[in-house]
Amino acid sequence: MANQGAQGGARIDPVSRRIVEHIEQVGGLPQKVRTPEAAAAVLCVLSRRLSKGQAQDFARSLPEALQTLVQPCAAHRGLSSDVFDRGEFLNLLAEHLQIDPAEAERVARAVLQGVHAVLPQGEIEHIRSQLPSELWELWGPRRVAA
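From a predicted model like this one, the values you see are computed outputs, not experimental measurements.

## Quick word on the overall build of the protein chain
Next up, step 1: Counting secondary structure elements, the protein chain contains eight helices and zero strands.
Next up, step 2: Counting from the amino terminus, helix and strand elements in the protein chain follow one another as α-α-α-α-α-α-α-α.
Next up, step 3: Counting every position in the protein chain, which comprises 146 residues, the buried fraction comes to 48%.
Next up, step 4: Long-range contacts, defined as pairs at least 24 residues apart, comprise 67% of the intrachain contacts of the protein chain with a sequence gap of at least 6.

## A short note on the state of the cysteines
Next up, step 1: Here the structure, examined in full by the defined rule, presents one disulfide.
Next up, step 2: The disulfide partner of Cys44 is Cys73, and the S-S distance across this bridge is 1.8 Å. Given an S-S torsion of about 70°, the disulfide between Cys44 and Cys73 has right-handed geometry. Linking Cys44 in helix 2 (residues 35–49) with Cys73 in helix 4 (residues 64–75), this pair joins segments that are 29 residues apart in sequence.
Next up, step 3: Exposure remark for Cys44: the relative accessible area of 15% places this residue in the buried category.

## A few points about helix 2
Next up, step 1: In this model, helix 2 (15 residues) spans 22 Å end to end at C-alpha, consistent with the 21 Å of a helix rising 1.5 Å per residue.
Next up, step 2: When you tally the buried positions in helix 2, you get 13 out of 15 residues, the bulk of the element.

## Quick notes on the packing of helix 1 (residues 14–26) against helix 6 (residues 101–116)
Next up, step 1: Following both chains from N to C, one finds helix 1 and helix 6 inclined at 140°, their axes separated by 8 Å at the closest point. Of the possible angle classes, the one that applies to helix 1 and helix 6 is oblique. In this structure, helix 1 meets helix 6 at a crossing whose hand is right-handed. Between helix 1 and helix 6, the contacting residues are Ile19, His22, Ile23 and Val26 on the first element and Ala110, Val111, Gln113, Gly114 and Val115 on the second.
Next up, step 2: Looking at the contact of helix 1 with helix 6 residue by residue, the classes come out as six nonpolar, three polar and no charged.

## Describing the nonpolar core
Next up, step 1: Counting residues in hydrophobic clusters, the biggest one holds 43 residues, and the most contacted among them are Phe58, Phe89, Val111, Val115 and Trp139.
Next up, step 2: Elements that contribute at least two residues to this core include exactly helix 1, helix 2, helix 3 (52–61), helix 4, helix 5 (86–97), helix 6, helix 7 (121–130) and helix 8 (133–136).
Next up, step 3: Looking at this core, the element that brings in the most residues is helix 2, giving eight residues.
Next up, step 4: Contacts of Val111, omitting those with residues within four sequence positions, involve Ile23, Ala38, Ala39, Val42 and Leu43.

## Regarding the pattern of salt bridges
Next up, step 1: Evaluation of the coordinates by the stated rule reveals six salt bridges.
Next up, step 2: One salt bridge connects Asp57 with Arg60, and the closest N-O pair in it is separated by 2.4 Å. You can see Asp57 and its partner Arg60 sitting in helix 3, three residues apart, about one turn around the helix.
Next up, step 3: Since its relative accessible area comes to 32%, Asp57 is described here as partly exposed.

Thresholds, definitions, all that
Residues numbered from 1 in each chain as written. Predicted model: local features only at pLDDT ≥ 70, side-chain atom pairs only at ≥ 80, totals over all residues. Heavy atoms only, no water. Helix = DSSP H or I, 4+ residues; strand = E, 2+ residues; numbered from the N terminus. Buried < 20%, exposed > 50% of the residue type's maximum accessible area, 1.4 Å probe, protein only. Contact = heavy atoms within 4.5 Å. Disulfide = S-S within 2.5 Å. Expected span 1.5 Å × (residues − 1). Axes fitted to C-alpha atoms, helices over the stretch in contact; angles between N-to-C directions. Parallel < 35°, antiparallel > 145°, perpendicular 65-115°, else oblique. Left-handed = near helix turned anticlockwise from the far one by under 90°. Nonpolar A, V, L, I, M, F, W, Y, C, P; charged D, E, K, R; others polar. Core = buried A, V, L, I, M, F, W, Y, C linked by side-chain atoms within 4.5 Å. Salt bridge = Lys/Arg side-chain N within 4 Å of Asp/Glu carboxyl O.

Function-wise, these values are silent; they only describe arrangement.
Here's what the structure looks like:
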């Protein structure tokens, strides 16, 4: 899977491959959810939470194979962002992928951590500035309560 494109065909660029490999190594994807589908769903729902300009910048900052998944989401939307919290983000993702919210959290973490590892720091800061801390927390490793 890591060598295939979003549609299961051509080879993907090395940066997209690193993200896909990260998602697959982290694991936790429900059996019925394929890696490209998970990446597209998470990144599209995330783009809804950003302003149109930031969503388009975000899409352009992604490696080529992921750009093709997110560009339509960023291009076909209103100027302002949708306002939703972490719970609604996970519910939207769960609904899109037809999984439960707990599974949606694992999917979101795997995808966002993989993307976080390859995005330019400036782009990460722009995205972070538009997200509430409870949603931004999905970009990092899960913290275990002491």
